[in-house]
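Residues per chain are reported as follows:
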Amino acid sequence: MKDTNDIYGNLIGGEWLQGNGSSINVNPSDTRDIVGLFACSGLDEVEQAVSGARAAFPAWAAAGPQMRYDLLDAVGTELLARKEEFGRLLAREEGKTLPEAIGETVRAGQVFKFFAGEALRVTGDTQQSVRPGIDVDVTREPVGVIALITPWNFPIAIPAWKIAPALAYGNCVVLKPAELTPGCAHVIAQLLHKHGCPPGVFNLVMGQGSVVGDALVSHPDVDAVSFTGSAATGSRIAATCGTLRRKVQLEMGGKNPMVIMNDADLPTAVQACLSGSFFSTGQRCTASSRLIVQSGIHDAFVEAISREMRALRVGDAMQADTQIGPVVDQRQLDSNLRYVELARAEASEVIGGEQLHLDQPGFYQAPGLFLGTSNNARINREEIFGPCATVIRVDDFDEALAIANDTEFGLSAGICSTSLKHASEFRRKVEAGMVMVNLPTAGVDYHVPFGGRKGSSFGPREQGRYAVEFYTVTKTTYQLA
Ligand code: NAP
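Just so we're clear, the structure is a prediction, and the values are computed from it rather than from any experiment.

Turning our attention to the overall build of the chain. Counting its regular elements, the chain contains 15 helices and 23 strands. Rg of the C-alpha trace for the chain: 23 Å, near the compact-globule value of 23 Å for 481 residues, within the 12% margin. Projected onto the principal axes, the alpha-carbon positions of the chain cover approximately 70 × 65 × 40 Å. Going through the 481 residues of the chain one by one, you find that 58% of them count as buried. Residue pairs at least 24 apart in sequence account for 72% of intrachain contacts in the chain once pairs closer than 6 positions are excluded. As presented, the chain carries roughly 18,800 Å² of accessible surface, and 51% of it is formed by carbon and sulfur atoms. Between the mean site of the 42 positive side-chain charges and the mean site of the 54 negative ones, the chain shows a separation of 4 Å.

In structure tokens:
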């Protein structure tokens, strides 16, 4: 990134343009470090971007797969080649550790390359009509102009897994990234521009959700909205899109259960929970936030995970020995610390979870474990989105499964068990979009569907070949033979 007072502009209609003003992107590991100034846009920029996308749509929809393949493949190749550089930017603006940030950048590159290939594989369906002498074809067409609204916690991977399928299937895009982490979205915009994305096909409009996001969702020339973020914002977007009869896809929060059975392999369970609950500072929609532990293994599990949790090194995301980076900003840290206070009332014991003051100013928090909790407590009903997990003690498998399902969310769910019977029954009966057996609840592949049930998701799945459902519309054509 530039180290000047230059403002990183929006990309609208193929031009880099300034917004109304700018917002400061601050490094959460060291708040003295300014990552850059980024355009803060208003309604004029939204208008320009949507009308530019609308104007570009007919030609892009007709451009055919080779051009789309070449563009997406080139972006994917460059993301992979420059993974350390972009990973450093990601770690600096979001606060996940450098290996995690490089890993996320690699994921974004893989996603672009996967959807480059998918652009070549858009298939239809030819059927015999029930009426003799008529041919029936089912074909897929692009949806039109799609607004993409993304959160701060995966600032390069989530934009990638929305932009790449949208463009692969012939849509035009307006991306509004989270105001906290515009740098990674700007990198993707730079690469699309550099590799010849036609003007207006991809547009970046940075700014506040309540201004830019809101205007995009309700804009009459937007055909579909793909959103990832909190349940509260998602519900508002769903209501607007419902009224406007606009295609919508929502990926929202989680309160993901991880069941530890008496017959679990203890080291496997402890590692899965450490990683699922605390890595990426717990700022993952798939984080293991409720650890549901059977009585026979409870004390040994709690003793082992507490010991390992306390040994985790919290620090600057860029430092080589850091295992847990900072919380993303002061607001999220304050919210996390309020939940730690609540846990003091709702749990029988609170281990860790306190704010940490290091030599440099940053938003540091020790990982926290809340013992002896009831599933009805607020700490078990509400998404905390920080490095905190609860422990719920249960007597048997049936109770564990019932508690795992007793939540308004349904994104990811895990079980640690060596019993084939328990693992199989859990896979069948748990109400979640993704199920993990002897693996952390977080950590997924990019070529298979991603998404949840109940309050976690709405609309067609993201990622893999299933993304075609959201980013295309089907047309059924009858022709006299
Ligand atoms: P958020 O506050 O809902 O924000 C998400 C995006 O929506 C941001 O770009 C935000 O802009 C924008 N926005 C805010 N108000 C809006 C409005 N009225 N209209 C349109 N857009 C609006 O969520 P977050 O705090 O960034 O992200 C954390 C949440 O995301 C957690 O709940 C987490 O579980 C969820 N998440 C889910 C998944 C999944 O796939 N299920 C993946 C990752 C994260 P500004 O931030 O710039 O205001």
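From this point, the discussion proceeds with the structure in view.
It is worth spelling out the domain arrangement of the chain at this point. Often, the extent of an interface is quoted as the loss of accessible area upon association of its parts. When its domains are assigned, the chain resolves into domain 1 (7–252 + 456–480) and domain 2 (256–437). At the interface, 24 residues of domain 1 touch 27 residues of domain 2. Of all residues in domain 1, S29, W152 and S456 give up the largest surface area on contact with domain 2, accounting jointly for 26% of the area buried on that side. Our count for the domain 1 to domain 2 interface comes out at zero salt bridges. Inspection of the region where domain 1 meets domain 2 yields 10 residue pairs in polar contact (both at pLDDT 80 or more). Put simply, the parts of the chain that give the side of domain 1 that touches domain 2 at least two residues each are α3 (83–94) and α4 (98–119). Ranked by the residues each element gives to the side of domain 1 that touches domain 2, the list is headed by α3, at four residues.

Let us now look at unusual backbone geometry. Despite not being glycine, R245 shows a phi value in the positive range, around 50°. Examined against the element boundaries, R245 turns out to sit in the loop between α8 (231–243) and β12 (247–251). Of note, F385 is a non-glycine position whose phi angle comes to about 65°, a positive value. Residue position: F385 is located in the loop between α12 (378–381) and β19 (388–394). Of the residues examined, F385 reaches a relative accessible area of 17% and is grouped as buried.

On to the site of the ligand, then. If you check the shell around the ligand, you find 30 residues, and the closest are T150, E179, S230, M252 and E383. Between D214 and the ligand, the recorded distance is 3.4 Å, taken from a backbone N or O atom to a nitrogen atom. Interatomic distance of 2.8 Å between a side-chain N/O atom of T233 and an oxygen atom of the ligand. In isolation the ligand exposes 900 Å². Once the protein is present, 87% of that is buried. The residue makeup of the shell around the ligand includes at least three contributed by each of domain 1 (7–252 + 456–480) and domain 2 (256–437).

Read across the open sheet, the three strands follow the order β6-β7-β23; overall the sheet is antiparallel. The open sheet has two free edges, formed respectively by β6 (125–128) and β23 (472–480), since each of these has just one partner strand. Pairwise comparison of adjacent strand axes, ignoring direction, gives a mean angle of 20° for this sheet. Strand direction decides the pairing type here: β6 and strand β7 (residues 134–142), joined by four bridges, are antiparallel. Looking across to β7, one finds that D125 is bridged to V138.

The next thing to look at is helix α11 (residues 330–346). Here α11 is 17 residues long and its end C-alpha atoms lie 24 Å apart, about the 24 Å a rise of 1.5 Å per residue gives. Buried within α11 we find Q332, L333, S335, N336, Y339, V340, L342 and A343. Residues of α11 that are buried in the fold lie against β15 (349–352), β16 (355–356), β17 (364–365), β18 (368–371), α12 and β19.

This part takes up a negative patch on the surface. Side chains of D395, D396, D398 and E399 sit close together on the surface and give a patch of like negative charge. Here D398 is to be found in helix α13 (residues 397–405). By relative accessible area, which is 53% here, D398 ends up exposed.

So, on to the packing of helix α2 (residues 65–81) against helix α6 (residues 182–194). A pair of packed helices is characterised by two quantities: the angle between their axes and the separation of those axes. Direction vectors running N to C along α2 and α6 enclose 130°, while the axes themselves pass 9 Å from each other. Accordingly, the angle class assigned to the pair α2 and α6 is oblique. For the pair α2 and α6, the sense of crossing is right-handed. Between α2 and α6, the contacting residues are L71, V75, E78 and L79 on the first element and V187, L191, L192 and K194 on the second.

Counted according to the given criterion, the structure contains six aromatic pairs. Arranged with centres 5.5 Å apart and planes meeting at 75°, the rings of W152 and F385 form a pair that is edge-to-face. Note that W152 is positioned in the loop between β8 (145–149) and α5 (157–168) and F385 in the loop between α12 and β19, a separation of 233 residues in sequence. With relative accessibility at 13%, the residue W152 sits in the buried group. Three or more aromatic residues joined by ring pairs make a cluster, and in this case those are F114, F115 and Y446. Positioned above the aromatic ring of F154, the side-chain terminus of K96 is 3.7 Å from the ring centre.

What counts, and at which threshold
- Residues numbered from 1 in each chain as written.
- Predicted model: local features only at pLDDT ≥ 70, side-chain atom pairs only at ≥ 80, totals over all residues.
- Heavy atoms only, no water.
- Helix = DSSP H or I, 4+ residues; strand = E, 2+ residues; numbered from the N terminus.
- Rg over C-alpha atoms; globule rule 2.2 N^0.38 Å.
- Buried < 20%, exposed > 50% of the residue type's maximum accessible area, 1.4 Å probe, protein only.
- Contact = heavy atoms within 4.5 Å.
- Areas by Shrake-Rupley, 256 points an atom, 1.4 Å probe, with all protein chains shown as cover.
- Lys, Arg positive; Asp, Glu negative; His and termini not counted.
- Charge placed at Lys NZ, Arg CZ, Asp CG, Glu CD.
- Domains from an automatic or database assignment.
- Buried area = accessible area lost by both parts, 1.4 Å probe.
- Salt bridge = Lys/Arg side-chain N within 4 Å of Asp/Glu carboxyl O.
- Polar contact = N/O pair within 3.5 Å; in protein donor to acceptor, adjacent residues only side chain to side chain.
- Near = heavy atom within 4 Å.
- Pairing = 2+ DSSP bridges.
- Axes fitted to C-alpha atoms, helices over the stretch in contact; angles between N-to-C directions.
- Expected span 1.5 Å × (residues − 1).
- Patch = residues over 30% accessible without salt bridge, like charges linked within 9 Å, V, L, I, M, F, W, Y side chains within 5 Å.
- Parallel < 35°, antiparallel > 145°, perpendicular 65-115°, else oblique.
- Left-handed = near helix turned anticlockwise from the far one by under 90°.
- Phe/Tyr/Trp six-rings, centres within 6.5 Å; stacked < 30°, edge-to-face > 60°.
- Lys NZ or Arg CZ within 6 Å of the ring centre and 35° of its normal.

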